[in-house]
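# Coordinate analysis (summary)
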Amino acid sequence: MIKNIIILIVAFFILKLNAQQFKFTDVSPSNSYSFLSPKYGSSCNIIKYFLVEGLQGQKVNFLGTIDYSLAGFNQWSNSSFSFFKMNFQAQLGNSSFQLVANSVNVIDPSIGYFDLNIICNEVNISTLSVEVIQDVIWSNSFKYFSVVKINNLPEGSGFTYDSQIVKIYRMGENLFQKLYNEKFYLFQNLDIWSIDFIFPVSIPLKLMYLTKMLYDIKLYPSSENYVPFSNSFSSLLSFRTTSNIQNPVFSVGSLGFYLTPKPILGKPNNLTFIATCLALVGNGANFTLYAQNDTQPSFKEYYNFVVNVTVNGGLQTPNSSFISIKDNSTVGMAMVSSEYLGLDFKYNFRAFQLAYNEFFAITEFPFGFIRGNNEMVNFGFSVPSSLTSIAPLIPLTLCMLRCITDMKGNFEPFILIASTETSSLEIQSFTTIYIGNLKFLTRVEIKSSNASYLPSVSSIRIARGSKIVNHDNGKLVFGTSSDGVWEYITEMKLESIEINNEESNSITIVSDKNYLTSYSFGAFLYNIGSEISKLQYPSITLKNYNYLNDLVNVSFLYNDIDITDQPVDNIMFFSFNNIDDYKNLSIGFYLTDQKSLKDIGFENDIFTILEPNYRFAVWDQKKNRFQVCFKVPANTIPGNISYTLVLDNKNFVDSNSLSYEYQLRATSSKIDIYGPMVTKIIKEQNGWVFTIQDEINGFKDGFLIVRGVLDSSTYNITLNMSNLIEGSGDRFIGDYRFIIPLEFENGSSNCITQDYLITYASFFDTFGNNNTFYKFLTQDYYKESQPFDSTGNPFIYFINDSSLFSIGFVCNGLLDSSPPNLIYFNSSRSSIDVGSLDRTIAFTFQAQDLQSGLKFIQNPIVYLVTKQLAIHQCISIPIIINSTTITFSCTTEVPIGFGYPDGFLISVYGFINNRGAYSGFSSKDIKDLNPIEQFWFVSTTFSFSTPIITSVSEFTNQDSTLLIFGKSFSTIDSAIISFSNGSTLNLKTIHRTFETFITLTDVPLIDIQFKLMLVKSNQINIKSNEFSIDPIIYKFNYSGPLYPPEPTIPPTKSPLPTNPPLRCLGNPECGGKNKGYCQSGVGCICYSPWYGVDCTSKVIIIPAPQTNTSNPTIEIPIPGGGQETNTTEVLFKSLVTLVSIRELGFNGEVIKTFPFDKWIFDEINLTTGRYNTSIVSQNDNNIITNITTTIQWFNSSKNITFAGQELQMNPSSVKFTIEIENYAFSSALNNLELIMFASLLSTDENDDFCSLKQFGNTTNGDNSNYIKLQVQNHSVYGRFIKRAIVDGFIVSIENTLLDEFQNTIVESTSHSTQTFIGIKIPHFKNKVTIDPDFFVLLDSESASGDHSICSKSNGLSSRKIAGIVIGSVFFVAIIVISIVYVVIKNRNAKKFREQVQTKLKQLN
């Protein structure tokens, strides 16, 4: 194909009538066009439409050509007209066709033909030019995209393009949106964009560059092997970046799919991202994390990893058949009851799909579960059916979602009729009116012609591309379901239909006789009523497509706002050049920052669903501009808060393409667009304790569902701050206990042993961020078409550990094989007017289980089922309870039009006894229980006299217009607004459109809840329901930041030290690919939770130690198994404390020593304490030096900054912040040395032990020293940053081991190791602050090496063993004395401690 050629078809049609039997009319639309594509080679393709009339009354069923035998497709026919569609392929130049028509399939030109000439010309491409309207930008909604205009592109011409690089979407006129494939920017450096021809337009991607490395890369689970506990979640990758740009771009790719990591929490320049790692193959998928290069606008591979998925197969629906029983005893409707009574149907809480005829429903337990337990389910249900059908077999299937097999129950109709015995349902009129706010109201009249079996409408099905919407008879506004008028709303949403794949839209009328009548929107002509016309899909025609250039005067009520911990109510103002082309538009607005997109569930990777809740701009006639109110969320990504203006379903303005002055700018010191996380799970006897962390916004509340694995019993549990265990923390991190409200105690006899499993959990923070877990996707998920985001799993730390989510409950009862029985079932009404205000129906029923009794906390559900498989639920409550029998009741309001005209069936399911058996009862079962009363079925009528409000547009305290939707509005002329205090407003500003829509204008500004009722002024009996409205409140009270600005980083006084290059250690290097990687010149970079110079030590989580209120000492008891086992016995103890400060001379000699003696303790919170002491640093002048030590315990990982250095605090770590003020030096050349002590001791009496001490430089970029004290496979790890804040400046300091200081007291042994650390502080005038920290590691290998101290069991005598034990006791006693100098409490050891004090004095 020659790329620099585009073909324009200029067609001239000459119709020549040669006979009198047929009349030919060319009804092709003026915009019929063809385009050159590989499918047709160098030829042109054109679609033509012809209306052929038999002049002598004959019906025409054939239209074709003589030479090419090209037959037209007969779209439709009536008694004398036929409508044909024909495709022609014509070569460049002139092409001639002779068409003939006949009433039989015989080509006979003698009775009528005409000649058609087509002239196909080339387009002169020299007249074309390409204008880049919007450069390529990165958008949270569309990723990489641009907008171009092809000037002088003739109407009717087309083009092709490389769909591997871009997708092209038509926006209007010659404007096109281009969405680039991620591979285009990940792997290619193209300077051109190609359609069918090449033109030199450079479109660089506008990306700022990453300036710093990624770090803290984690996989969830931490190993490559992923065993899905939930079929709804994938493995995950997280990482942090210190990039100083607002939107760094990353991508995770596997097998040609590219997912975009999302920012979730942190702060500017230190942000955590998370990404789904959706393995598309079970035997291992390779993933690559791509990041921007440091020096150019391109990408590089940053991290490679593998995910191996172990799939357990899961339960499947039995590949079996239903036993179906037909019942035609109900007037006007048949009932088909299907049952499966086999032995191989097992259930595990998955939702399933019931498909019947042209309809389907998603449902879940207890619907259909008639008896058994989850190990052996008997399934049964009843569905309404038509008595007559043109289909010989009506299909019925049941399938667990994502199933491989299904259960089938095809059955024959009661009466099989020929298609000639019924008639199609035909559209008589079709009208669409734009009502504003990007909404259209469509009125369609449908009628069936007389037939032996009169059909009625079951559904009106609208297909827009791949999206299908069904409207039932609730949209009927008058008439009957066989001859009536329906009205429905179509809402314009941004849609992406690629021009290479533009699909036709259609409306299909589904009849109750299985007869479908379809109409295509657009070019096709139909016999609509008495006219031949087209059906137009609702669309907005813009007067001007130059809106990207016309947009002007964008401003905001508040700009450069601070959103730290506060949302900001705001107003955007804007206008356009050529304003008359725009001022009558309803322009939608929505924010596209990451927080706002997450709130609407947008997922821009595999599941592309973008359905924002528009705010609509209002035209201000006085100020000649638009304005729109909106709320900026708190703690979202700061910088430019992106937004979109929407003009119709194809045309929009993305703020990322606008200039700086049109941006909404915000700052925030916090970023949190992620829900609470569960970081620890403890199983208890009948519940759990969750450690819930949300370190920025704080946890607000949550909801969990726990299910009995055998009997499906359901327990809904609400979690909030009242569940917080006292003393365990706060809303930022704390322990929450919740109990399953079981009906019996452990070990009871009238219950069965089974596990109770968490199947759903959802947690919210104080600003509405949510993380949700599904064991399986639920019925509500499918019904609401919720987009699913695997990254929002609150249990990411436990992805591979399914055992934590279930609790075993032991009972002594035997499994019951006899399920509960239904004693009686009553319905409050046998018929209902589903068009009236009174659509409530009540049910009362009683169940009994004489052998085991019923679980009284469970709530059986009454199901109302229509022929279209619309399922409405009524959840019951127990009203009378005894040991064997429970009476239940429920009341519900059915939707408008529900079940009309056929009525609906009633069934009830969900009875569970105490010993593992459940039951349910189909409509057939209820009928069999009481065949005289019609409690299994409710007939329906539909009246049109009563107005009913069903919904209203979003209303705020700034609005004066309200859109009202409902039914039967034709007589309404007033609206009454009433308030809780009894006052009312009567508004006459009613503007009606048809039967179902009203615009209410001149509404006063209202900022409290009110009720709305529609009435007819002179008829008191015509009034609607009262509809409650809660206005959205805008306060516009932004006054600046909530907090004072954070202190700036102190200036640097001297060059700061950086750690020297280190070689990577370990075999394998850096612990292997799952634990870390080697970075040249730095050393090993470890993946959390691995740590150390060779990434072979693992950070472990241990309980917080008890607070020492006497002195700044922390003693950490360490369970022997760490977190790897359930061992709770303390086998190790670590002790860290402050000993003294010393003034050192120029040459390092000790001038003065000040041991720390008495401290004053002050508790700041549960995890932080402050200790104060003082010394007299100069006796002559009585100068007092104050020393303040703050000890903070970290339950979870957190990032902090000290002296301009970013530090990551590991979970279960302790940080010492020491401040020394006003020290009087003896000489200006002297400095101070702070002495700390750290130790690790094992209380295990095992003889085969080793200890080891290491000191060196860290490799994770924090430019610190480390001390590691190891005994066997446990270590205490201290980090000493090489900088301090001295008199407001950041200066370098030196950390050293004081082994000579230590060895004067006691030596390390195989069971213990200890050290003194000296922190040398330069001379200062006012104040110095230092900041060491400590935590515990579990090592992959026991202590060993040249410098280890070991003992072997075969080399120790009993005397040596006794010496070790005595030495250990001696060591602990010395530590206590050297730290606190407390009054002697153990009189038997007084002499011993006095000797130790003598040694300490010698040191000083």
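Below, the structure is looked at part by part. (Residues numbered from 1 in each chain as written. Predicted model: local features only at pLDDT ≥ 70, side-chain atom pairs only at ≥ 80, totals over all residues. Heavy atoms only, no water.)

### Quick word on the overall build of the protein
A tally of helices and strands in the protein yields eight helices and 106 strands. Burial statistics for the protein: of 1404 residues in total, 55% are counted as buried. Residue pairs in contact within the protein that sit at least 24 positions apart in sequence constitute 68% of those at least 6 positions apart. Summing over all exposed atoms, the protein offers an accessible surface of approximately 59,200 Å²; the carbon and sulfur share of this is 50%. (Helix = DSSP H or I, 4+ residues; strand = E, 2+ residues; numbered from the N terminus. Buried < 20%, exposed > 50% of the residue type's maximum accessible area, 1.4 Å probe, protein only. Contact = heavy atoms within 4.5 Å. Areas by Shrake-Rupley, 256 points an atom, 1.4 Å probe, with all protein chains shown as cover.)

### Thoughts on the sheet that holds strand E46 (residues 568–576)
Strand order across the open sheet formed by four strands is E44-E46-E50-E49, with antiparallel pairing between neighbours. Each of the sheet's edge strands pairs with one partner strand only, and the pair in question is strand E44 (551–556) and strand E49 (618–620). For this sheet, the mean inter-axis angle between neighbouring strands, taken without regard to orientation, is 30°. Bridging between E46 and strand E50 (residues 625–632) involves seven bridges; their strand directions are antiparallel. If you follow Phe573 over to E50, its bridge partner there is Gln627. (Pairing = 2+ DSSP bridges. Axes fitted to C-alpha atoms, helices over the stretch in contact; angles between N-to-C directions.)

### Some words on the environment of Ile1164
Inspection of the secondary structure assignment puts Ile1164 in strand E90 (residues 1160–1165). When the C-alpha atoms of Ile1164 and Ile1191 are compared, they prove to be 9.9 Å apart, with 27 residues separating the residues in sequence.

### Remarks on the pattern of salt bridges
Across all of its chains, the model carries 25 salt bridges by this definition. When salt bridges with common partners are traced through the structure, they connect Asp216, Lys218 and Arg240 into a single cluster. (Salt bridge = Lys/Arg side-chain N within 4 Å of Asp/Glu carboxyl O.)

### Things to note about the packing of aromatic side chains
Two descriptors summarise a pair of aromatic rings, namely the distance from one centre to the other and the angle between the planes of the rings. Considering all chains together, one arrives at 83 aromatic pairs under this definition. Geometrically, the ring pair formed by Phe690 and Phe763 is edge-to-face, given 6.4 Å between the ring centres and 70° between the ring planes. Residue Phe690 is located in strand E57 (residues 687–693), and its partner Phe763 is located in strand E61 (residues 754–765); the two are separated by 73 residues in the primary sequence. Note on accessibility: Phe690 and Phe763 belong to one class, buried. Relative to Phe944, the ring of Phe942 lies with its centre 5.0 Å away and its plane at 25°, an arrangement referred to as stacked. (Phe/Tyr/Trp six-rings, centres within 6.5 Å; stacked < 30°, edge-to-face > 60°.)

### Some words on unusual backbone geometry
In this chain, Tyr220 is followed by Pro221 through a cis amide linkage whose omega measures 0°. Mapped onto the elements of the fold, Pro221 is located in the loop between strand E15 (214–220) and strand E16 (225–226). With an omega of 10°, the peptide bond between Asn1067 and Pro1068 qualifies as cis. In this fold, Pro1068 is placed in the loop between strand E82 (1027–1029) and strand E83 (1076–1079). One non-glycine residue, Asp560, adopts positive backbone phi at about 55°. A positive phi angle, near 60°, is found at Ser712, a position not held by glycine. Given a relative accessible area of 0%, Ser712 falls into the buried group.

### Quick notes on the state of the cysteines
The full count for this structure, using the stated rule, is six disulfides. What pairs with Cys1070 in a disulfide is Cys1084, and their sulfur atoms sit 2.1 Å apart. Its torsion about the S-S bond being -85°, the disulfide of Cys1070 and Cys1084 is classed as left-handed. Of this pair, Cys1070 sits in the loop between E82 and E83 while Cys1084 is found in strand E84 (residues 1083–1086), placing the two residues 14 residues apart along the sequence. Using a relative accessible area of 1% as the deciding quantity, one classes Cys1084 as buried. Here Cys1250 is linked by a disulfide to Cys1350, with a sulfur-sulfur distance of 2.0 Å. Judged by the sign of its S-S torsion, about 115°, the cystine formed by Cys1250 and Cys1350 is right-handed. One end of the pair, Cys1250, is in strand E97 (residues 1249–1257); the other, Cys1350, is in strand E106 (residues 1349–1351), with 100 residues separating them in the sequence. Under the relative-accessibility criterion, Cys1250 is labelled buried at 8%. (Disulfide = S-S within 2.5 Å.)

### Considerations on the nonpolar core
Core analysis: the biggest nonpolar cluster contains 122 residues, and Ile507, Tyr547, Met572, Phe574, Phe825, Phe843 and Val862 have the highest contact counts within it. Looking at this core element by element, the count peaks at six residues for E46. Once residues within four sequence positions are removed from consideration, Ile507 is found in contact with Ile427, Phe430, Ile460, Arg461, Ile462, Tyr488, Thr517, Ser518, Tyr519, Phe521 and Leu535. Counting residues in each nonpolar core, the second largest holds 69 residues, with Val383, Phe699, Val706 and Phe809 among its members. (Core = buried A, V, L, I, M, F, W, Y, C linked by side-chain atoms within 4.5 Å.)

### A few points about the environment of Tyr909
Inspection of the secondary structure puts Tyr909 in strand E71 (residues 904–912). In this structure Tyr909 comes out as buried when scored by relative accessible area, which is 0%. Once the C-alpha coordinates of Tyr909 and Gly368 are considered, the two residues, 541 residues apart in sequence, prove to be 7.0 Å apart. Of note is the side chain of Tyr909, whose polar atom sits 2.9 Å from the backbone oxygen of Gly380. (Polar contact = N/O pair within 3.5 Å; in protein donor to acceptor, adjacent residues only side chain to side chain.)

### As for the sheet that holds strand E47 (residues 588–591)
Spatially, four strands are ordered E48-E47-E52-E53 in an open sheet, and the strand pairing comes out antiparallel. Every interior strand has two partners, whereas the edge strands, strand E48 (615–616) and strand E53 (652–654), have only one. Note that E47 and E48 share two bridges and pair antiparallel. Counted as the bridge partner of Phe589 is Arg615 from E48.

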